[in-house]
Amino acid sequence: NMLKVIKRVKDNDFTPRVRVISNDEIGILGDTGNTMIRGLADRKRIRDTFGRYTTPEIRDQILNGDIPVDGELRTATLLFSDLRGFTAYVEENPPQEVIRSMRAYFTAMQEVIRQLNGLVLQFVGDEIEAVFGVPIEQPGHADRAVQAALEMRKSLDLLNDQRAGQGKPLFAHGIGICTGQVLAGITGSDNRQSYTLIGSTVNLASRIEELTKKVGCDILVSEETMASLASTFPLREEKPQAIKGYSKPVTVYRLL
C-alpha cells in the first residue's frame, strides 16, 4: 500500500493516502507520509494558482488560511507595463532571439516588482500585469507601485546597456498605475485556475498604460494613486485625457 502511494506521489498524483491500520512505527510512518502528501498537494495548488513567482510570505499566508481565495473586495494598486514597437521587433528578428529577449526583460521587471512586495499576475504577449496590496494586505501599496515603476525604468536602462553592447536593438516600455477597489479571487475553469483581479481599476490601469504613447512618456500615474501616496515623487499633472469607455476625461500624472 505504502509503496504504491509513494509511486503515485512521485508521478505528481497527490490524491492517494497511506492506509493506517496500526499504531506502531509503521503506523506513525503512514501518518507522517499522509501529512507530507497533503503539504505537497497544498504547495502544488498554490504553485498552479499563483505561478512560480509566488513569494514565501504569500504561500505561507495561503496555507494558514489567512487569504480568502473565493472572492473579496479590496483596495489595491495595479501596474501594467507594455513593450513599445514589439510587433515590428518580432517580425524583424529570429524567434529564438525574440524569446530570449522577452525572457530577459520579464525576469528583470519581475524581480523589481517582487522586491517591492508586488505580485505579477500574468505575462500576456509583451505585457505585464502586476498588483500591490493583494493578496497580502500591506500599507503603502501605492507608494510601492510607483517606486517599482522607477526601479523598472532603471532596470530597463541596465538591460539596454547590455543589449547595446551586444549590438541588439534597445527596448522601451510604457507603465500605467491605478489605485482603487478590485474584486480579487480564484477564477478560471475547473482544471485551470488563477488568482485574478476584476473591476474598473484594472481596466483603467491598462488604459493609462496605453495613454503613455499619446502623452509621450514612459510612466503615468492615476489621480487616485496620486491621492494615496504617502511619499513625495517627482510627478507632473497632465491635462485631462479622454479614455475609451469613460464618460469624463481622466487626470493623470507623469513620473519625471
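One structure accompanies this document, and this report is about it. The structure presented is a predicted model; accordingly, all values stated were derived computationally and were not measured.

The rules behind these values
- Residues numbered from 1 in each chain as written.
- Predicted model: local features only at pLDDT ≥ 70, side-chain atom pairs only at ≥ 80, totals over all residues.
- Heavy atoms only, no water.
- Helix = DSSP H or I, 4+ residues; strand = E, 2+ residues; numbered from the N terminus.
- Buried < 20%, exposed > 50% of the residue type's maximum accessible area, 1.4 Å probe, protein only.
- Patch = residues over 30% accessible without salt bridge, like charges linked within 9 Å, V, L, I, M, F, W, Y side chains within 5 Å.
- Areas by Shrake-Rupley, 256 points an atom, 1.4 Å probe, with all protein chains shown as cover.
- Salt bridge = Lys/Arg side-chain N within 4 Å of Asp/Glu carboxyl O.
- Axes fitted to C-alpha atoms, helices over the stretch in contact; angles between N-to-C directions.
- Left-handed = near helix turned anticlockwise from the far one by under 90°.
- Contact = heavy atoms within 4.5 Å.

Time to look at the environment of Leu158. Along the polypeptide, Leu158 turns up in helix α6 (residues 141–165). Given the relative accessible area of 56%, Leu158 is considered exposed. Between the C-alpha atom of Leu158 and that of Ala108, which follows or precedes it by 50 residues, the distance is 9.5 Å.

The next point concerns a nonpolar patch on the surface. A surface patch of nonpolar side chains, amounting to about 280 Å² of accessible area, comprises Leu73, Leu183 and Ile198. Residue position: Leu73 is located in strand β1 (residues 72–83).

The next thing to look at is the packing of helix α5 (residues 95–115) against α6. Where α5 meets α6, the axes come as close as 9 Å, and the angle between the chain directions of the two elements is 145°. Crossing hand, α5 versus α6: right-handed. Side by side, α5 and α6 meet where Glu97, Ser101, Ala104, Tyr105, Ala108, Met109, Val112 and Ile113 of the first sit next to Ala148, Glu151, Met152, Ser155, Leu156, Leu159 and Arg163 of the second.

What follows deals with the pattern of salt bridges. Close approach of charged atoms allows side chains of opposite charge to pair. The tally for this structure, following the rule as stated, stands at 10 salt bridges. Measuring nitrogen to oxygen at the nearest pair gives 3.1 Å for the salt bridge that ties Arg84 to Asp82. Since its relative accessible area comes to 23%, Arg84 is described here as partly exposed. When salt bridges with common partners are traced through the structure, they connect Asp82, Arg84 and Glu209 into a single cluster.

Interpretation in functional terms is not warranted from these geometric data alone.
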